[in-house]
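Structure at a glance
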Amino acid sequence: MLRHAPVLERRSRYADKPALLLERREVAHLEAPGIVDVRVTRRGWTQLRDRFGTDPRIRHDRNRRDWIELHLRTAQDIADLDTVLATAATLNS
């Protein structure tokens, strides 16, 4: 995400875990090992859904409309999902 926006690492406001913030807005946090919650906003998910809606590495719960979970196992997963991170950075700045 650092390539897309000037994020700061802090503790999450949701739990005692690392998070990335754009200014004062939390845009991502570590949910569990290999699982990162990313705030893409409802508008962002609408933009990403056609391309990533069936990707098993991404989970979207309609009840958490602004957030998606990225399930990352390899460095290639992060590279493949760079568009998701760029979208999150753009829509949250």
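Residues numbered from 1 in each chain as written. Predicted model: local features only at pLDDT ≥ 70, side-chain atom pairs only at ≥ 80, totals over all residues. Heavy atoms only, no water.

Time to look at the overall build of the protein. Tallying secondary structure elements over the protein gives three helices and six strands in all. From first element to last, N terminus to C terminus, the protein shows the α and β order β-β-β-β-α-β-β-α-α. At 12 Å, the protein has a C-alpha radius of gyration in line with the 12 Å of a compact globule built from 93 residues. In terms of overall dimensions, the protein has a C-alpha envelope of 30 × 30 × 25 Å along the principal axes. For the protein, with 93 residues in total, the buried portion stands at 45%. Residue pairs at least 24 apart in sequence account for 47% of intrachain contacts in the protein once pairs closer than 6 positions are excluded. Surface summary for the protein: the accessible area is close to 6000 Å², and the carbon and sulfur share equals 48%. Separation of charge centres in the protein, based on 18 positive and 14 negative side chains, amounts to 5 Å. (Helix = DSSP H or I, 4+ residues; strand = E, 2+ residues; numbered from the N terminus. Rg over C-alpha atoms; globule rule 2.2 N^0.38 Å. Buried < 20%, exposed > 50% of the residue type's maximum accessible area, 1.4 Å probe, protein only. Contact = heavy atoms within 4.5 Å. Areas by Shrake-Rupley, 256 points an atom, 1.4 Å probe, with all protein chains shown as cover. Lys, Arg positive; Asp, Glu negative; His and termini not counted. Charge placed at Lys NZ, Arg CZ, Asp CG, Glu CD.)

Before going further, it helps to examine the packing of aromatic side chains. Aromatic rings in a pair are described by how distant their centres are and how their planes are angled relative to each other. Inspection of the entire model under this criterion finds one aromatic pair. Plain terms: the ring middles of Tyr14 and Trp67 are 5.9 Å apart, the flat faces sit at 85 degrees to each other, and that makes the pair edge-to-face. Placement of the pair is Tyr14 in the loop between strand S1 (7-11) and strand S2 (18-22) and Trp67 in strand S6 (residues 67-71), with a sequence separation of 53 residues. Under the relative-accessibility criterion, Tyr14 is labelled partly exposed at 42%. (Phe/Tyr/Trp six-rings, centres within 6.5 Å; stacked < 30°, edge-to-face > 60°.)

Take the packing of helix H1 (residues 41-52) against helix H3 (residues 82-92) next. The geometry of H1 relative to H3 is characterised by a closest axis approach of 9 Å and an angle of 160 degrees between their N-to-C directions. Judged by the inter-axis angle, H1 sits roughly antiparallel to H3. The two elements H1 and H3 meet at a crossing, and its hand is right-handed. Together, Thr41, Arg43, Gly44, Gln47, Leu48, Arg51 and Phe52 of H1 and Thr83, Val84, Thr87, Leu91 and Asn92 of H3 make up the contact between the two elements. The residue makeup of the contact of H1 with H3, split by class, is four nonpolar, six polar and two charged. (Axes fitted to C-alpha atoms, helices over the stretch in contact; angles between N-to-C directions. Parallel < 35°, antiparallel > 145°, perpendicular 65-115°, else oblique. Left-handed = near helix turned anticlockwise from the far one by under 90°. Nonpolar A, V, L, I, M, F, W, Y, C, P; charged D, E, K, R; others polar.)

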